[in-house]
Amino acid sequence: MTMTDELLQRYRATLPSFLSPYYADPIAIDHGSGSYVWDLDGNRYLDFFGGVLTTMIGHDHPAVTAAVQEQAAKVMHTSTLYLSEPMIEFAEAVAEASGIPDARVYFTPSGSEANDAALLLASSYRKSNQFLAIRNSYHGRVFSAQAITSHSSWRSTSHSGLQVSFVHGPYKLRSPFRDLDDDAFADACVDDLVQVLDMTSAGDVAAMIAEPIQGVGGFATPPDNLFGRMGKELSNRGILFIADEVQTGWGRTGDHFWGYQAHDIVPDMLTFAKGVGNGITLAGVVARADIMDSINVLQFSTFGGNPLSAAAGLATLRTVQDDGLQANAKAMGERFAAAMTPVADATPWIAEMRGRGLMWAFECCEPGGIEPDKQRTGEFHEACKRHGLLVGKGGLYGNVVRLAPMLNTTADELDEGIAALRAAIADVS
């Protein structure tokens, strides 16, 4: 029995059955450097998923590693009950980068908790438990985030203290509006929003939450300005807009630092997580001061913004900004699209290739249609691994392969990944 086999036995004996590792023969990742990881058997893989878009600027990045080591030697934890220079400095940087006027920042350990905090703020500010969310959305695993998740394969309960209505959004491939052009599609989504509000709300809806590009939903990418058009209707009714930037933030889309910036709207709140700590547990919510201050009872966070996480976050954010990684995401995204679009177009079982920047997906369907092909998706996923490439999966039917290379990926690394993808597609075809 190999060490990996033993680890798998221990995994299945100790962890809950709803957790499952990727691949028929799971990988035990031992260490990483830059865009690569090595398993316990010494096999090297090009990592184009980063632990679900979380290792954002490469494994063992010198600046992040040094910041964590330096802070760990001083103090790793204090909580918000004490003044912490790393937490405050990082909060200042996030507030400035957010684009939200008079911004305040509240840190949490995970994106699920960040979205929970945003819901709490919106319900407190608007004195309402009514929310709007987008169909095919995913916002986390905590109780309140499950209520605003419209993705049945990831929604474990229908019980909630929130009244949630789901409106039409980015996922055009399976939409009844799929034959419309982008402008008409956006108009149809706004019309749906108005009808949902008129028919299902009791007035005074607290907020609408949306991912600018849907993550678990298979990187469903809306037409630009869709949420700006929706936002005008929300603003007319005093409804807040929350941008869930857990997967789209920090320059990932290339064209913008935040996903919301493609939509001619400034959110009242945004949530972030995953990549900002380059692998460390770090998340939070940014909101206007009047919204953040609507909670008037004593609050604190044990782990949110702890010095160790804040040091990693600050080092990551500065690297993204100082090294021009948003521009690199745009350039490498254009290189990826130029190389892979013809391949996707020529592959009958790839119904759609979508994304932007360094955030791409392939939806796998029965040739010539949109019937999901989960089996072929699994074969594609396994074939990528055989060719030394780690990618993710997603989509409502588990039929989407997702890729999110490091923001500092090089042209050579990208081309290596493209070659592996082409070989994997040829294997499956």
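Please read these numbers as outputs of a predicted model, since none were measured by experiment.

Definitions and limits used
Residues numbered from 1 in each chain as written. Predicted model: local features only at pLDDT ≥ 70, side-chain atom pairs only at ≥ 80, totals over all residues. Heavy atoms only, no water. Helix = DSSP H or I, 4+ residues; strand = E, 2+ residues; numbered from the N terminus. Rg over C-alpha atoms; globule rule 2.2 N^0.38 Å. Buried < 20%, exposed > 50% of the residue type's maximum accessible area, 1.4 Å probe, protein only. Contact = heavy atoms within 4.5 Å. Lys, Arg positive; Asp, Glu negative; His and termini not counted. Charge placed at Lys NZ, Arg CZ, Asp CG, Glu CD. Salt bridge = Lys/Arg side-chain N within 4 Å of Asp/Glu carboxyl O. Polar contact = N/O pair within 3.5 Å; in protein donor to acceptor, adjacent residues only side chain to side chain. Pairing = 2+ DSSP bridges. Axes fitted to C-alpha atoms, helices over the stretch in contact; angles between N-to-C directions. Expected span 1.5 Å × (residues − 1).

A.B. asks: Sorry if this is basic, but what is going on with the overall build of the protein chain here?
C.D. replies: Broken down by element type, the protein chain carries 13 helices and 15 strands. The C-alpha radius of gyration of the protein chain comes to 21 Å, within 12% of the 22 Å expected for a compact globule of 429 residues. When burial is assessed residue by residue, the protein chain has 55% of its 429 residues classed as buried. If you take every contact in the protein chain between residues at least 6 apart in sequence, the share linking residues at least 24 apart comes to 73%. Within the protein chain, the 51 negative side-chain charges are centred at a point lying 3 Å from the centre of the 31 positive side-chain charges.

A.B. asks: Looking at this structure, how should I read the pattern of salt bridges?
C.D. replies: Where charged atoms from two side chains of opposite charge approach closely, those side chains can pair. By the definition in use, this model includes 21 salt bridges. Note that Arg354 and Glu363 form a salt bridge whose closest N and O atoms lie 2.8 Å from each other. Take Arg354 and Glu363: they sit in the same class, and that class is buried. Look at the salt bridges and you will find they share partners, linking Asp224, Asp255, Lys330, Glu334 and Arg356 into a network.

A.B. asks: What am I meant to see in the side chain of Ser144 here?
C.D. replies: With respect to the helices and strands, Ser144 occurs in helix H6 (residues 143-147). Among the polar contacts listed, one links the side chain of Ser144 to the side chain of Asp116, at a separation of 2.3 Å. Among residues more than four places away in sequence, those in contact with Ser144 are Asp116, Leu119 and Leu162.

A.B. asks: Would you explain the pairing of strand S1 (residues 29-33) in this entry?
C.D. replies: In summary, the side chains of a regular strand alternate between the two faces of the sheet. Sheet topology note: the S1/strand S2 (residues 36-39) ladder contains four bridges and is antiparallel. By the bridge assignment, Ser33 is partnered in S2 with Tyr36. Taking the residues that link successive antiparallel strands as the turn, the S1-S2 hairpin has two residues, and the phi of Gly34 there is positive, at about 60°.

A.B. asks: Explanation requested: the sheet that holds strand S8 (residues 240-244) in the structure shown.
C.D. replies: Sheet strands line up and pair through hydrogen bonds in the backbone, either parallel or antiparallel. Reading across the sheet, the seven strands line up as S4-S10-S9-S8-S7-S5-S6 and stay open at both edges, with mixed pairing between neighbours. What marks the edges here is a single partner per strand, and that holds for strand S4 (103-108) and strand S6 (163-167). Sheet twist, expressed as the average angle between the axes of neighbouring strands with direction ignored, equals 20°. Pairing between S4 and strand S10 (residues 283-288): six bridges, direction antiparallel. Bridging across to S10, Thr108 finds its partner in Ala283. Each of S4, strand S9 (269-272) and S10 touches helix H4 (residues 85-98); the most contacted strand, S4, lies at about 125° to it. Running at roughly 25° to S10, helix H5 (residues 111-126) makes contact with S4, strand S5 (130-134), strand S7 (207-210), S8, S9 and S10 of the sheet.

A.B. asks: Can you help me understand helix H12 (residues 374-386) in this one?
C.D. replies: Since there are 3.6 residues in each turn of an α-helix, residues three or four apart along the chain are aligned in direction. Its 13 residues place the ends of H12 19 Å apart at the C-alpha level, agreeing with the 18 Å of an ideal helix rising 1.5 Å per residue. All of the buried residues along H12 are Thr377, Phe380, His381, Ala383, Cys384 and Lys385. Buried-residue contacts for H12 involve strand S3 (44-47), strand S12 (359-364), strand S13 (389-390), strand S14 (392-394), strand S15 (400-403) and helix H13 (411-428). Positive backbone phi, approximately 80°, marks Gly388, located one or two places after H12.

By themselves, these are just geometric observations and shouldn't be taken as functional.
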